[in-house]
Every structure is written in structure tokens, then in C-alpha cells.
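Chain residues, written in single-letter form:
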Amino acid sequence: MPLLHPRIHTTIDVGNPPSSPDESRYKSIQIHFHGFAYLPHARGRGIISPRFSMNGHQWELGVYPGGELHARHTPRSSTYLAIYIRLCSQGSVTASFDVKLLNKFGDLACRMRSPAINWRSDMITEWSWPQVMRRSKVLDENRYILDDDGTLAIVVSTKEDATAAFVPKNPLTKMMKGMFNDETTADVCFEVCSAEGKDDDDGTKRAKTSTSFYAHRSILSGCAPMLAALFDAEDTGRMISAQIGDVKPDIFHYMLGYVYGGSVPKEELMTHAKDIINAADKYSIVNLKLEAEAVYLNSTIFTVDNAMDNLLYADAKNCALLKETVLDFLADWNSTEAINNISFADFPGSVVKDLMIAFDRSKKRIIQDHCSDSEGEDNDDDDGEDYSLMRVSELRRKLDGKGLDVDGSREAMIEALKNSTALSYAHDATD
């Protein structure tokens, strides 16, 4: 489960805000559990976050979407969301934790606190809250607990111990960023041409201009092989140039900066999302492409008027998450209105299967909403290995966990996971 940074809320102070000498000692981290409705929710089935650091120790936060197995409450306790925090590193530390559920707007939905505990790796390693909120309330769209993508946001906070050892971060990222566009150490150069200017008064075209970007062959070889391939393999010992004519200079600046460990400001991602997707797709800067795709999704309102254009674009650029979102929109939309208002003349035949899956998901979601408060055992009968009905984000998460390429169509991702599973079984059989 990916560990994400907290949402940033802009604050404007009028006058001098009150301050506390201990204020800077509080540390918070926000954890997103994506696709919460589709996480395993049989009682006792837990989902664990990646480890994170607080007070010089490693911790992990887990959720039981359907309740703890041995919780001491009413017989319906399996329908409650349970949360726990666990010490993962050796040693001992005294700490208390503040855990909050945020709604889709970033506001507080629920809050839990632990007492100050002397956590010890050989004795006390876990604290849990077994009845955080009924699962049906978490899933209730009218309560706005989950965001529009079905993500559950949990914030963990604690006061940092002033005596905890301070260890600086690994400086590699900072060093890499410092090498970006550094002409003195670079051995290759990209000449990125801008578009032709407008006609002059005499009717002649203004000459194209180019912007130079300096880079290092060794970094490109490891982080952006398709950019590295634009240069001859032979190292001549002198600066080598390559022409780029299909990417705007400002977009190339963002892309190359990303290769060197930088990030693109969210405002720029929103403004230039498609240009960044196009460039990142062409030169296989996968993570940047997926980041721009996610921002484009969050900033786009899908309608019957733009659904087909977005679907065709997603299919052309292998933006599987965008394609899934558009197909979900079509599946949830009134079918008669969709047929009457959308032209299917250019509908890609390759996405018919994905559309059928979207319809199936929509039907199951309706059934699940209807049965969310029903008595009895949860129908969680598998370990989540039915790739055919998994969402794109879950497929990507599994591929990333196996060290496989997360880019490509839904079919390509499923095939890669199946091949990986088959190889794993074959390897186990030979051991």
C-alpha cells in the first residue's frame, strides 16, 4: 500500500498566530488505503501500510476493513473498521499516537488516541482501536468518508522525542537534483526546438529557436534509456548533442528534471497534463506519465460530451487508469442517454472487454451497497488473485511489488502478472 504525503492546505494568517515551543516537535504522516471498498473484508483480514519512521523507530499502521478476528464486542463487530499501530524496530520508546480519519474534503471524520505507552520490541509492540467506525458508514457516499476514487485517508501523529537521535537523509537525491542541467559535468546535450514563429511582415517564417539541456549519459542510461538511446553508444570524450523537435522546451525541462529526482509542481501538472503525458509516454518516463495521468483525472469532469475523446486518448497513450475511469463513467451513466448522446463510430474494439468489466463492477457495487449492512459472513473467498476483475491501481500496485513494469494496457498488466505467478510456481516446483 503506497505511503503518500499529506494533502497541503493553504493557510493565511491575519495577525501573529499563537505558537507553542513543542509545536515543531509533532510529526504527522498520511496513509492512503486505495480502493477501500474492494479490499479483503472478511473478519481478521488485515491490510498493512509500508513502514514509516517516527521517534527514531520504524512503525506500521494496519486496518481490518471487516473487523478484528478476536475482538471482544457484539456479534456484529465484524462489520466495524479496526485500526492498529505496531512497533517494527528493535528497542524501546515511550510514545502516544493520535490517529484521525479524514473525509474526502480533508476534514476530521473520526479521531482516536492511544495513551503514553512504553513500547518495547520484546513485549508491547501493538495498540489497536477495534471499533473505529461501522464499515457501512465508511462506504456510505452520503458521509463522504472515501474520496471520489474510493480512498480512505488516515493521519498518524505523535510528538517527536527531543532526545531521539537525528540522522540526516541520504544525500543522493539532493546530489542528483544538483546535477540537473549542469553543463560543467555533463557529457551530452539536448537541443530542444521550439515551434516556428509567426510570419514576419514580409511573409517569411521566423527561424526556429532551440533551448539546450545538459545531461549525463550514465544517469540517462539508468533512469531514461530511451533518451540515452538518442546518442551514439561510443563515448567520444566530448559533448554530444541530440535534437528534440516533438516536445516543447518547458515540458522537456519538467521531464528531464524529473529524471534527476525532481518533481513537477501540481499546478503545472494540471495545466500541462496532456503535454506531459505525451512526452513521458514517448520517452518512457513511466512514473511521470502516471503522475500526470492521476492529476488529469482529478482535475477533469467527465461528461457525455468529452467521454469518447478521453477514451480514444487513453487508448492511444496506454493510460489504463484514464481508460478505466471513462469506462466506469459510461457504465454508471444511464445507458439509454449514453446511446443517444455518444457517437460510438470510433469506439475502439480493443476496449469492449474492459467496458464489460466496468458494467460488471457497477452491478457488483450496487449489490454490495444494498447488502453492506446484512448479517452473516463476508463473501471474501479469495486472496485477491483474480486479476481479471481487479482495478488498474491494484494491478499496478501488484506489478510494482514484483518489480515489474507498471505501464501498459490492462491486458498487458494482467498477462505480466500471470506470467510472473507461473514462473513463481515453476520455481517453487523445482526447489
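Quick look at the structure, then. (Residues numbered from 1 in each chain as written. Predicted model: local features only at pLDDT ≥ 70, side-chain atom pairs only at ≥ 80, totals over all residues. Heavy atoms only, no water.)

## Remarks on the side chain of Thr79
Considering the arrangement of structural elements, one finds Thr79 in the loop between strand S5 (57-64) and strand S6 (80-87). A distance of 3.1 Å separates a polar atom in the side chain of Thr79 from a polar atom in the side chain of Arg134. Excluding anything up to four places from it in sequence, Thr79 contacts Gly66, Met133, Arg134, Arg135 and Ser136. (Helix = DSSP H or I, 4+ residues; strand = E, 2+ residues; numbered from the N terminus. Polar contact = N/O pair within 3.5 Å; in protein donor to acceptor, adjacent residues only side chain to side chain. Contact = heavy atoms within 4.5 Å.)

## Description of the nonpolar core
Membership of the largest hydrophobic core comes to 66 residues, with the highest contact counts inside it found for Phe190, Leu220, Phe252 and Leu256. Setting aside chain neighbours within four positions, we find Phe252 in contact with Phe190, Val192, Phe213, Leu227, Ile244 and Val247. Counting residues in each nonpolar core, the second largest holds 35 residues, with Ile31, Val93, Trp119 and Val138 among its members. (Core = buried A, V, L, I, M, F, W, Y, C linked by side-chain atoms within 4.5 Å. Buried < 20%, exposed > 50% of the residue type's maximum accessible area, 1.4 Å probe, protein only.)

## Here's the deal with the pattern of salt bridges
Enumeration according to the criterion identifies 17 salt bridges in this entry. A salt bridge links Arg113 to Asp98; the shortest N-O distance between them is 3.2 Å. Residue Arg113 is located in strand S9 (residues 108-113), and its partner Asp98 is located in strand S8 (residues 98-102); the two are separated by 15 residues in the primary sequence. On the accessibility criterion, Arg113 (56% relative accessible area) is exposed. Here Asp275 ties to Lys248 by a salt bridge, and the two come within 3.4 Å at their closest N and O atoms. On the criterion of sequence distance, the pair formed by Asp275 in helix H7 (residues 273-282) and Lys248 in the loop between strand S15 (240-244) and helix H5 (249-259) is long-range, its members being 27 residues apart. (Salt bridge = Lys/Arg side-chain N within 4 Å of Asp/Glu carboxyl O.)

## Digging into the packing of aromatic side chains
Per the stated rule, a full pass over the model turns up 9 aromatic pairs. Considering the side-chain rings of Trp59 and Trp119, the 5.0 Å spacing of their centres and the 90 degrees angle between planes classify their relative orientation as edge-to-face. Pair noted here: Trp59 is in strand S5 and Trp119 is in strand S10 (residues 117-120), with a separation of 60 residues, a long-range link. For the residue pair Trp59 and Trp119, the accessibility class agrees, reading buried in each case. Both rings, one in Phe105 and one in Tyr144, keep their centres 5.5 Å apart while their planes meet at 55 degrees; by these two values the pair is tilted. Residue Phe105 is found in the loop between S8 and S9, and its partner Tyr144 is found in the loop between helix H1 (135-139) and strand S12 (152-159); the two are separated by 39 residues along the sequence. One aromatic cluster is present, built from ring pairs that chain together Phe190, Phe213, Phe231 and Phe252. Positioned above the aromatic ring of Tyr80, the side-chain terminus of Arg134 is 5.2 Å from the ring centre. The side chain of Lys282 reaches across the aromatic face of Tyr283, ending 5.6 Å from its centre. (Phe/Tyr/Trp six-rings, centres within 6.5 Å; stacked < 30°, edge-to-face > 60°. Lys NZ or Arg CZ within 6 Å of the ring centre and 35° of its normal.)

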